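The lines below spell out each chain.
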Amino acid sequence: MDEPLNNPADWSCPLPIKQRDKVVIGHGSGGKMTHDLIRELFWKYLGNETISSGNDAAVIKDLAAVPANACLVISTDSHVVSPLFFPGGDIGRLAVCGTVNDLAMMGAQPRWLTAGFILEEGLELEILERILASMQKAAQEAGIKIIAGDTKVVQKGKGDGLYINTAGVGYALEGVDVSGDNAQPGDLVILSGEVGNHGIAVLSARGELGFEATVQSDVAPLNHLVSLLLSQCQGIHVMRDPTRGGLATALKEIANQSNACIMIEETKIPVMPAVASACELLGFDPLYVANEGKLIAIVHPEDGQKALEIMRSHPAAPNAQIIGEVKSEPARTVLLNTAIGTTRIVDMLSGELIPRIC
Amino acid sequence: MKFVAEYRNPDRVRELAVEIARQATRRWVIMEICGGQTHAIMRHGLDQLLPENIELVHGPGCPVCVTPIELVDKAIRIASTQNVIFTSYGDMLRVPGSKEDLFSVRASGGDVRVVYSPLDAIAIARQNPAKEVVFFAIGFETTAPANAMALLQAWELGLNNFSMLVSQVRVPPAIHSILSHPENRVQGFLAAGHVCTVMGYWEYHPLAQKFKVPIVVTGFEPVDILNGILHCVSMLEKGQYQVANAYARTVSERGNVAAQEVIRRVFQESDRNWRGIGVIKNSGWSIKPEFAAYNAEARFEVGDIQSHDSEICIAGEILLGNKKPHQCAAFGVLCTPQNPLGATMVSSEGACAAYYQYRARTTGDPHG
């Protein structure tokens, strides 16, 4: 024998590595690795008696808490933001708040949430853990319970780190009639605060702009603000959160749905100086930049001032403003009175927001 | 916002509008050359402040709009080639070629990336030495210095996997072409402030003298634009035809001499085909022979591509100031930003896109 054998004490058996610091394909096998990941990481943050039962579906037992004649409101939303973390938030917070806010905009009180995760092979578990902790915190803030979940793993290069789909269920009390087709001529249009913060925060976090903006995303649950508004104000006709496509696109959607004209005043629309500067440099109009913690409320004129005061008294909307009113003609149109006293049409965003060339 | 708010001051805007109306005793047709100015006029509704006898027509100064269709088709062929990373300003991705656009190439698996500066393309080339990185170098005199600098940087770094597909165009030959057109209606020009920041305005004196038109170097904010119009109207009323500078806070007679030097080092004057208009003599720049290695058109053998614009699209008439977007039968019907027939509907600086975004679809009137 040319080479002596190593000392048998040094021999090792090729056991699977128990402790990993990255997501591997095996985490999506449905087998033991999947179970371990769910128990050790997901349940650590999102666990409760429903989700941790280990069953195929969640059973909601506390239906007695739903008032009589309330109707169920359901929404789903997928979140693919890049990068996963940005100033003021992360994909986990966004995934919870996005669905919570969609339910709230229908006048519903969000109660239950499901979360589906698509993990890309190689995602660091430490990152996943931070995102789950952020979801837990956002869910607590919103007062919503995460009751079901799912995890899949895709090969490296087939995902962007992590995608999250959330679906939410809530209920709207009898008599609540908030809908995009409900804007009436004479109604006032209230905006809950500055626009454009989320879009600029995400763009600057991508590091592609060549400058850093000090803007924080506004991502936040709006359901408590909505509950307060609905409990104290009768004449809330429409609510909408101006997310992708920004304020302009959301208003245009409402004008179309309600077959009405929405007339807004440029000088009344709050925009933070840092957002306004970033938009100037890039050639963006802040009206088209995304928000994740703002709402538009279209309110009967008699309730407008009260709704404004309620919003301003709430931490989610201290800078709320009445930005315009609803008219009948020209229908399906948003008009903007500019700071210099002219009028122009505000249309939906076409395609992607793209910086100008020169 | 400092340096912007003062040029959007409503009181100053109103004063200028009143003064323009006071001075304008006859009907005048004024062209704003730059698409950025067209966009600002529409966005702020500045034409609503002008008296009826002042007509603004929108010029060809939209780099995306005038990039010829065969070059877009060449870009699409190159971007579809194996092992190529094709980089471009975002606006060009939506411009329709004969059959598809660069977004479709990306959807089919092509590596097409939006960059914010040509230097980003250089960085991508350095990071991907095994790939061919191509930058779509389009634009007027404003983009030329940065594009030329990128090429020089590639040359200094000895990068052999970087090239540029060039469509650089120049404003003065376009003005010459517009004024030489038998149906020309334009009596005065607002020259593009950004272009003149780079090039100065020494090139415009012979044009003003030859065609007897006033040319006013003009900025992009409401006060700037109305100030430019006021200068122009004032000269028209007096029968004067000089070049005036109404954007003196950034523009000088000679312009940015260092930037012009860089342009001259890399580019040489050449005839250029303008989309919708046709070939204008000496109206652009091409890469000099000594830098031919960086010329993507030679590197990828796309010289055989010949293309034709949509027969319905009247972008050429619009870019020459002969027609307004809403006078096109396809406007807002067959041709929309989602499904553009011509590049003027694509770019944020294109006249058709500006009308579509800010105006009623038929009359051009925001209330109509």
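Just so it is clear, the structure is predicted and the values come from calculations on it, not from any experiment.

Draft legend 1. The arrangement of the domain arrangement of chain B in detail. All names here are of chain B. The domains assigned to chain B are domain 1 (2-61 + 173-245), domain 2 (65-170 + 255-299) and domain 3 (316-358). Summarising the inter-unit geometry, the C-alpha centres of domain 1 and domain 3 are found 21 Å apart. Every contact between the two is made by 19 residues of domain 1 and, on the other side, 13 residues of domain 3. Here domain 1 packs against domain 3, burying approximately 1,300 Å² in sum over the two surfaces, 58% of which is carbon and sulfur. Taking the shortest distance from any N to any O, the salt bridge between E55 and K324 comes out at 3.2 Å. The tally of links from domain 1 across to domain 3 stands at 5 residue pairs in polar contact (both at pLDDT 80 or more). Elements supplying a minimum of two residues to the side of domain 1 that touches domain 3: β1 (28-34), α2 (35-44) and β2 (54-61). Element by element, the count of residues in the side of domain 1 that touches domain 3 is highest for β2, at 7 residues. Residue composition of the side of domain 1 that touches domain 3, by class: 7 nonpolar, 8 polar and 4 charged.

Draft legend 2. Spotlight on the packing of helix α2 (residues 91-104) of chain A against helix α3 (residues 125-142) of chain A. Residue and element names in this part refer to chain A. Across the interface, α2 lies against α3 with an axial gap of 7 Å and an inter-helix angle of 30°. With respect to each other, α2 and α3 are oriented roughly parallel. The chirality of how α2 crosses α3 is right-handed. Here α2 contributes I91, G92, R93, V96, C97 and V100 to the contact with α3, which in turn contributes I131, S134, M135, K137, A138, A139, E141 and A142. By residue class, the composition of the contact of α2 with α3 is 9 nonpolar, 2 polar and 3 charged.

Draft legend 3. Representation of the sheet that holds strand β4 (residues 109-120) of chain A in the model. All names here are of chain A. The sheet built from 4 strands is open, its strands ordered β1-β6-β4-β5 with mixed pairing. In the strand order of this sheet, the two ends are held by β1 (71-79) and β5 (145-154), each with one partner. Strand after strand, the sheet turns through a mean of 15° between neighbouring axes, direction not considered. Inspection of the sheet shows β4 paired to strand β6 (residues 162-172) by 10 bridges, in the antiparallel sense. When the sheet's bridge partners are listed, A115 is paired in β6 with T166. Running at roughly 150° to β1, α2 makes contact with β1, β4 and β6 of the sheet.

Draft legend 4. Highlighting the state of the cysteines. All names here are of chain B. A complete count under the given rule lists 1 disulfide over all chains for this structure. Disulfide pairing is shown between C62 and C65; the S-S distance is 2.1 Å. For the disulfide bridge between C62 and C65, the dihedral angle about the S-S bond is near 70°, and by the sign convention the bridge is right-handed. Residue C62 shares its accessibility class with C65, and that shared class is buried. Counting only cysteine sulfurs, C335 is the nearest neighbor of C313, a cysteine outside any disulfide, at a range of 6.2 Å. Using a relative accessible area of 9% as the deciding quantity, one classes C335 as buried.

Draft legend 5. Region of interest: the interface of chain A and chain B. On the chain B side, the residues contacting the 27 residues of chain A number 40 residues. Counting each side, the surface lost to burial between chain A and chain B is near 2,800 Å², with a carbon and sulfur contribution of 57%. The tally of links from chain A across to chain B stands at 1 salt bridge. Note that A:E280 and B:R8 form a salt bridge whose closest N and O atoms lie 2.7 Å from each other. Linking chain A with chain B are 5 residue pairs in polar contact (both at pLDDT 80 or more), by the criterion used here. Per element, the largest residue contribution to the side of chain A that touches chain B is 4 residues, and it comes from strand β13 (residues 343-346) of chain A. By residue class, the composition of the side of chain A that touches chain B is 15 nonpolar, 5 polar and 7 charged.

Draft legend 6. Spotlight on helix α1 (residues 32-46) of chain A. Residue and element names in this part refer to chain A. Spanning 15 residues, α1 covers 19 Å between terminal C-alpha atoms, matching the ideal 21 Å at 1.5 Å per step. The largest bend along α1 reaches roughly 30° and is located at I38. Of the positions making up α1, those classed as buried are T34, D36, L37, L41, F42, Y45 and L46.

Draft legend 7. Geometry of the packing of helix α1 (residues 10-23) of chain B against helix α11 (residues 222-238) of chain B. Residues and elements named next belong to chain B. For the pair α1 and α11, interaxial distance at closest approach is 9 Å and the crossing angle is 15°. Between α1 and α11, the interaxial angle falls into the category roughly parallel. Helix-helix and strand crossings are classified by hand; for α1 and α11 the assignment is left-handed. Between α1, through R12, V13, L16, E19, I20 and Q23, and α11, the contact on the second element is made entirely by P222, V223, L226, N227, I229, L230, V233, S234 and E237. Taken together, the residues of the contact of α1 with α11 break down into 9 nonpolar, 3 polar and 3 charged.

Draft legend 8. Main features of a nonpolar patch on the surface. Residues and elements named next belong to chain B. A cluster of nonpolar side chains, namely I312, V333 and L334, defines an oily patch on the protein surface of about 290 Å² accessible area. Inspection of the secondary structure puts I312 in the loop between α13 (296-299) and α14 (315-319). Using a relative accessible area of 43% as the deciding quantity, one classes I312 as partly exposed.

Draft legend 9. Highlighting the environment of B:G188. All names here are of chain B. Of note, G188 is situated in strand β7 (residues 188-192). Using a relative accessible area of 0% as the deciding quantity, one classes G188 as buried. Along the chain, G188 and S108 lie 80 residues apart, while their C-alpha atoms are 47 Å from each other. Not counting residues within four places of it along the chain, the set of residues in contact with G188 comprises V29, I30, M31, P214 and C232.

Draft legend 10. The arrangement of helix α7 (residues 273-282) of chain A in detail. All names here are of chain A. Regarding α7, the residues found buried are V275, A276, A278, C279 and L282. Down the axis of α7, the buried set is contained in an arc of 165°. They therefore lie on one face. Facing away from the buried surface of α7 by more than 90 degrees, the exposed residues are P273 and L281. Tucked into the core, α7 has its buried residues touching α4 (197-205). Looking one or two residues past α7, G283 carries a phi angle of roughly 80°, positive in sign.

Procedures and definitions
- Residues numbered from 1 in each chain as written.
- Chains lettered and ligands numbered in written order.
- Predicted model: local features only at pLDDT ≥ 70, side-chain atom pairs only at ≥ 80, totals over all residues.
- Heavy atoms only, no water.
- Domains from an automatic or database assignment.
- Contact = heavy atoms within 4.5 Å.
- Buried area = accessible area lost by both parts, 1.4 Å probe.
- Salt bridge = Lys/Arg side-chain N within 4 Å of Asp/Glu carboxyl O.
- Polar contact = N/O pair within 3.5 Å; in protein donor to acceptor, adjacent residues only side chain to side chain.
- Helix = DSSP H or I, 4+ residues; strand = E, 2+ residues; numbered from the N terminus.
- Nonpolar A, V, L, I, M, F, W, Y, C, P; charged D, E, K, R; others polar.
- Axes fitted to C-alpha atoms, helices over the stretch in contact; angles between N-to-C directions.
- Parallel < 35°, antiparallel > 145°, perpendicular 65-115°, else oblique.
- Left-handed = near helix turned anticlockwise from the far one by under 90°.
- Pairing = 2+ DSSP bridges.
- Disulfide = S-S within 2.5 Å.
- Buried < 20%, exposed > 50% of the residue type's maximum accessible area, 1.4 Å probe, protein only.
- Expected span 1.5 Å × (residues − 1).
- Bend = angle between axes of the 7 residues up to and from the residue.
- Patch = residues over 30% accessible without salt bridge, like charges linked within 9 Å, V, L, I, M, F, W, Y side chains within 5 Å.
- Areas by Shrake-Rupley, 256 points an atom, 1.4 Å probe, with all protein chains shown as cover.
- Arc of directions from axis to C-beta.

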